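Given next are the chains, with one letter for each unit.
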Amino acid sequence: MVSTVNMAVNLGGIQMRNPINTASGTFGNGMQFEGFYDVGTTLGAITCKGVAAEPWDGNPAPRLAELNGAAIMNSVGLQNPGVREFVERYGDYLQGLRDRGCAVICQVAGHSLREYERAMDLFEELAPFASGFEINISCPNIAAGGAAMGATPAGAAEVMRAIRPRTGRPVVVKMAPHDVAEIGRALEAEGADALSLINTIPGMAIDINTRRSRLARPTAGVSGPAIHAIAVRMVWECAQAVSIPLCGIGGVANWEDAAEMILAGATAVSVGTANLYDPTCAARVVEGLTAWATQQGVSEIGELVGAFEA
Amino acid sequence: MSATLHDFEVLACKLVAEDIWHMSIHTEVAAALQPGQFVNIHVPGDGAHILRVPLSFSNANGRNGIVDLYFATVGEGTRRLAAMAPGDRSTLVGPCGNGWKLPTEGGRALLVAGGIGLPPIVAAARMLATAGIGFDAVVGAHTATKHVEDLIDCLRTLSKDEGCDCARKVVLTTDDGTRGIAGFTTQAMEVLLAENAYACVYTCGRHAMMAGVANIAKGRGIACQVSMEAMMGCGFGACSCCNVALVSGGYALCCSDGPVFDAEEVAW
Ligand SMILES: Cc1cc2nc3c(=O)[nH]c(=O)nc-3n(C[C@H](O)[C@H](O)[C@H](O)COP(=O)(O)OP(=O)(O)OC[C@H]3O[C@@H](n4cnc5c(N)ncnc54)[C@H](O)[C@@H]3O)c2cc1C
Ligand SMILES: Cc1cc2nc3c(=O)[nH]c(=O)nc-3n(C[C@H](O)[C@H](O)[C@H](O)COP(=O)(O)O)c2cc1C
Ligand code: FES
């Protein structure tokens, strides 16, 4: 069936041909998926791995454990080559994605306000291919910055205040899985164009024989289908608190999960962990979502955003 | 060829030693698999376990599409994999990673395999035999079992298959002394190194064994390639979960920079 539904959405100024995006850190920089499907002509957007002004090594091994119950835990810790090297390596490819109609969201990481500013300035100068930026104030796997800076409305607002004057392009802020209404309001007040949520949920996995963590760090971030219901609830809470658009993230593994996010109030939806074990997942979610919208009898997918009835 | 999704069908799945299984699968990607690369297998039947199981292969036959896997059952994924029966189908991602490299210098190669590290070493032997490069091998096992003997036979007959005098010595070491020499692969390796000249070493096995092998090779100035293992989220460079520490500082990704590395690059 050829769909007549307009699937295009606008995520705070980022034009997307359909609502499907990829969660930072679970999609490489897009090119790793070219063997599976044509990323540039299929997805609405991709969000790249978090990148800081200077290269970061990330955390020691092991960085990953599989949990019993459709979830994994990671403590990658934002291993990245720094903005300059990132642009050098992936700039041409990412410009190609733009040319093929896929939005490119570059993720900005930092340990301190100063570092966020520097990374933002470098991106602004060196990354003309970026449709917009996502500020990561919610990484649970780094010692300073990240989740610590985004943990309170005041801290999150401070980062947004520092970033806002540095770019005219759309700014999305990636939020941690707590206090999403309050922190969302603070970010909106400081000029965030959109919010994305949720980042991984901090957890622990203990090897009962060695009495040590199964990862190199004592705590790490839980993701995957197991966290989906929590993520949908947080998107719903946040959607009621703010009027800027949201990108729903958390355990999306099929089009039904994406449809739920949209009904809860997400304008865009990111596929995360599912990309890793089911590499064609995001492409199939686009197809399934389009069929669902058609079956729902709407003329544009936007009519379904927040259509959940409490 | 970049990694992509392929169907496979199980042709046979047999227990060949305590907790060790030999599985033959048929897949269209067999012809593209290079020795030392790996495939990342989806094990169907349990939504609670989501990650794929990365496995090396001892042989990938491009002519008939058959790939031979040997795996140890260590957890949920491998246990359910062992329960797959002939005719069962699933998907795999491959080819994954970078395989063994041919030696840059002429001369014989020394292969050192430990335990479940044997399959990719058999693949390396096949590559060397095809290139007409001679090798000797040390195979370490916990105890002598039929599959180890079979794979050792495979190493010995490779030379005949390829019409060259490749494998001269294949030394078996067992922890329990049931067959071959009682002791470690590294001890047997030292003996061979004292008797013969080698241009390069290829090794796969437990981390500690590979560290020992790499150290001996380095001490003698012999180039050494190692096939590393890490917990993997994707197997194709998308998640940065599979880090291997480097001497130069920072990390490489086991799945896309490896799994085969120059031993001297790795911070053991
Ligand atoms: C490139 C590569 C090639 C491999 N080739 C083979 C092979 O040919 N034959 C074989 O038997 N095994 C091989 N392995 C190891 C195999 O992938 C793991 O044993 C398997 O994924 C465990 O899955 P599970 O669900 O059964 O165990 P889990 O319940 O996930 O884990 C059981 C135990 O195994 C460890 N483990 C889990 N995954 C890995 C992993 N990827 N690497 C190392 N340890 C792990 C865990 O830390 C835990 O202690 C390879 C691994 C890699 C990375
Ligand atoms: C291996 C891995 C790496 C991640 N790296 C990042 C990152 O660099 N920046 C970020 O904001 N979130 C990162 N995340 C979090 C995801 O973007 C996403 O918010 C989270 O995993 C929840 O979605 P999921 O359940 O669909 O995976 C990472 C997640 C995983 C599993
Ligand atoms: S396993 Fe995902 S990058 Fe190696």
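Residue numbers restart at each chain and count upward from 1, following the sequence in its written direction. As a convention, the first chain written is A and the first ligand written is 1, with the rest following in written order. Two thresholds apply to this predicted model, a pLDDT of at least 70 for residue-level local features and 80 or more for giving and counting side-chain atom pairs, whereas whole-chain, interface and lining totals are computed over all residues. Values shown for side chains rest on all heavy atoms present in the structure; no hydrogens or waters enter the calculation.

(A) Structural view of the overall build of chain A. A run of H or I in DSSP counts as a helix once it spans at least four residues, and a run of E counts as a strand once it spans at least two, with each numbered from the N terminus. Counting its secondary structure elements, chain A contains nine helices and 16 strands. Taken over the C-alpha trace, chain A has a radius of gyration of 18 Å; the compact-globule value for 310 residues is 19 Å, and the two agree within 12%. Principal-axis analysis of the C-alpha atoms places the extent of chain A at approximately 55 × 50 × 40 Å. Any two residues whose heavy atoms approach within 4.5 Å are treated as being in contact. A separation threshold of at least 6 residues defines the contact pool for chain A, and within that pool the share at least 24 residues apart is 71%. When we talk radius of gyration, it's over C-alpha atoms, and the globule rule is simply 2.2 Å times the number of residues to the 0.38.

(B) Just the interface of chain A and chain B, in detail. Contacts between the two partners involve 33 residues from chain A and, on the opposite side, 25 residues from chain B. Across the chain A to chain B interface the summed buried area is about 2300 Å²; carbon plus sulfur atoms make up 62%. Should a side-chain nitrogen of Lys or Arg be within 4 Å of a carboxyl oxygen of Asp or Glu, the pair is scored as a salt bridge. Counting the contacts that link chain A with chain B gives zero salt bridges. Polar contacts, as used here, are pairs of N or O atoms within 3.5 Å; protein pairs need one atom able to donate a hydrogen and one able to accept it. Residues neighboring in sequence count only if both atoms are side-chain atoms. Applying the counting rule to chain A against chain B returns 11 residue pairs in polar contact (both at pLDDT 80 or more). For the side of chain A that touches chain B, the elements supplying multiple residues, two or more each, are β5 (64–67), β6 (71–74) and α8 (274–277) of chain A. The term buried area refers to how much accessible surface (probe radius 1.4 Å) is lost by two components on association, counted for both of them together.

(C) Summary view of the site of ligand 2. If a single non-hydrogen atom of a residue is within 4 Å of a molecule or strand, that residue counts as near it. Taken together, 25 residues lie near ligand 2, and Ser24, Gln107, Lys174, Gly251 and Thr273 of chain A sit nearest. Site remark: ligand 2 is flanked by residues from chains A and B. Here an oxygen atom of ligand 2 sits 2.8 Å away from a polar atom, N or O, in the main chain of serine 24 of chain A. One of the side-chain N or O atoms of asparagine 199 of chain A is found 3.3 Å from an oxygen atom in ligand 2. For ligand 2, the cavity whose grid points lie within 2 Å of the majority of its atoms is the largest cavity. Partitioned by chemical class, the residues of the shell around ligand 2 number eight nonpolar, 15 polar and two charged. Only protein atoms enter the 1 Å grid, on which a cavity is a set of points fitting a 1.4 Å probe that cannot get out and a pocket is an open set with protein on both sides within 12 Å along at least 5 of 7 lines, lining residues being those with an atom within 4 Å of a point. In this scheme, a molecule is assigned to a cavity or pocket if more than half of its atoms are within 2 Å of the grid points. Following the grouping adopted for this structure description, the nonpolar residues are Ala, Val, Leu, Ile, Met, Phe, Trp, Tyr, Cys and Pro, the charged ones are Asp, Glu, Lys and Arg, and the polar ones are all others, Gly among them.

(D) Inspection of the packing of helix α6 (residues 228–241) of chain A against helix α7 (residues 255–264) of chain A at higher detail. Residue and element names in this part refer to chain A. Following both chains from N to C, one finds α6 and α7 inclined at 20°, their axes separated by 8 Å at the closest point. Put simply, α6 runs roughly parallel to α7. Here α6 runs over α7; the crossing is right-handed. Residues His228, Ala231, Val232, Val235, Trp236 and Ala239 of α6 form the contact with α7, whose participating residues are Asp257, Glu260, Met261 and Ala264. In terms of residue class, the contact of α6 with α7 is made up of seven nonpolar, one polar and two charged. Whenever a helix is involved, its axis is fitted only over the stretch in contact; in every case the axis is a line through C-alpha atoms, and angles between N-to-C directions fall within 0 to 180 degrees. An angle counts as roughly parallel when it lies under 35 degrees, as roughly antiparallel when it exceeds 145, as roughly perpendicular when it falls between 65 and 115, and as oblique in every other case. What makes a crossing left-handed is the near helix being turned counterclockwise from the far one by less than a right angle; a clockwise turn instead makes it right-handed.

(E) How the structure looks around the nonpolar core. Take the buried residues of types Ala, Val, Leu, Ile, Met, Phe, Trp, Tyr and Cys, join any two whose side-chain atoms come within 4.5 Å, and each joined set is a nonpolar core. Think of it in three bands: residues with accessible area under 20% of the maximum for their type are buried, residues over 50% are exposed, and the middle band is partly exposed, with areas taken using a 1.4 Å probe on protein chains only. Formed by 152 residues in total, the largest nonpolar core has its most connected members in Ile20, Leu43, Phe86, Leu94, Phe123, Leu187 and Leu195 of chain A. In terms of residue count, helix α9 (residues 281–295) of chain A provides more of this core than any other element does, eight residues in total. Setting aside chain neighbours within four positions, we find phenylalanine 86 of chain A in contact with Asn29, Cys48, Val51, Pro81, Gly91, Leu94, Cys106, Phe123 and Phe129 of chain A. In this structure, Trp100, Leu128, Ile133 and Ala137 of chain B belong to the second largest nonpolar core, which totals 28 residues.

(F) Representation of the domain arrangement of chain B within the structure. Residues and elements named next belong to chain B. Its domain assignment divides chain B into domain 1 (4–96), domain 2 (109–227) and domain 3 (229–268). Each of domain 2 and domain 3 has a C-alpha centre, and these two points are 23 Å apart. Residue-level contacts link nine residues of domain 2 with nine residues of domain 3. At the boundary of domain 2 with domain 3, total buried surface from both sides reaches about 800 Å², with 63% on carbon and sulfur atoms. Across the contact surface, domain 2 and domain 3 share zero salt bridges. Each domain's extent was defined by an automatic or database domain assignment.

(G) Main features of the sheet that holds strand β3 (residues 38–41) of chain B. Residue and element names in this part refer to chain B. Taken together, seven strands build an open sheet; the order of strands is β4-β3-β7-β1-β2-β6-β5 and the sheet is antiparallel. The sheet terminates laterally at β4 (53–56) and β5 (59–61), the two strands that pair on one side only. With direction set aside, neighbouring strand axes in the sheet form an average angle of 35°. For two strands to be treated as a pair, DSSP must find at least two bridges joining them.

(H) Expanded view of the state of the cysteines. Residues and elements named next belong to chain A. For the purposes of this analysis, a disulfide is any pair of cysteine sulfur atoms at a distance within 2.5 Å. Counted according to the given criterion, the structure contains zero disulfides over all chains. The thiol sulfur of cysteine 106 is not disulfide-bonded, and the nearest other cysteine sulfur, from cysteine 48, lies at 4.8 Å. Classification of cysteine 106 by relative accessible area gives buried; the value is 0%.

(I) Just the sheet that holds strand β16 (residues 268–271) of chain A, in detail. Residues and elements named next belong to chain A. Spatially, the eight strands line up as an open sheet ordered β3-β16-β15-β10-β9-β8-β7-β4, and their pairing is parallel. The sheet is open, and its two borders are formed by β3 (20–22) and β4 (45–47), each paired with just one other strand. The mean inter-strand angle of the sheet, taken between neighbouring strand axes irrespective of direction, is 25°.

(J) Spotlight on α9 of chain A. Residue and element names in this part refer to chain A. One less than the number of residues in a helix, times 1.5 Å, gives the span that helix is expected to have. Across its 15 residues, α9 extends 21 Å between first and last C-alpha, which sits within 8% of the 21 Å expected from 1.5 Å per residue. For α9, the complete set of buried residues consists of Cys281, Ala282, Ala283, Val285, Val286, Gly288, Leu289, Thr290, Trp292, Ala293 and Thr294. Along its buried surface, α9 packs onto β3, α1 (39–42), α7, β16 and α8. Downstream of α9 by one or two residues, glycine 297 has phi in the positive range, about 75°.

(K) Spatial organisation of the pattern of salt bridges. Residues and elements named next belong to chain A. Taken as a whole, this structure holds 19 salt bridges over all chains when the rule is applied. Notably, a salt bridge pairs glutamate 117 with arginine 166, separated by 3.8 Å at the nearest N-O pair. Taken together, the positions of glutamate 117 in helix α3 (residues 113–126) and arginine 166 in the loop between α4 (153–163) and β9 (171–174) put the pair 49 residues apart, joining distant regions of the chain. Where arginine 164 meets aspartate 193, a salt bridge forms, and the shortest distance between an N and an O atom there is 2.8 Å. Within this pair, whereas arginine 164 is found in the loop between α4 and β9, its partner aspartate 193 is found in the loop between α5 (180–189) and β10 (194–197), the two being separated by 29 residues in sequence. Taken together, the shared-partner salt bridges connect Arg114, Glu117, Asp121 and Arg166 into one network.

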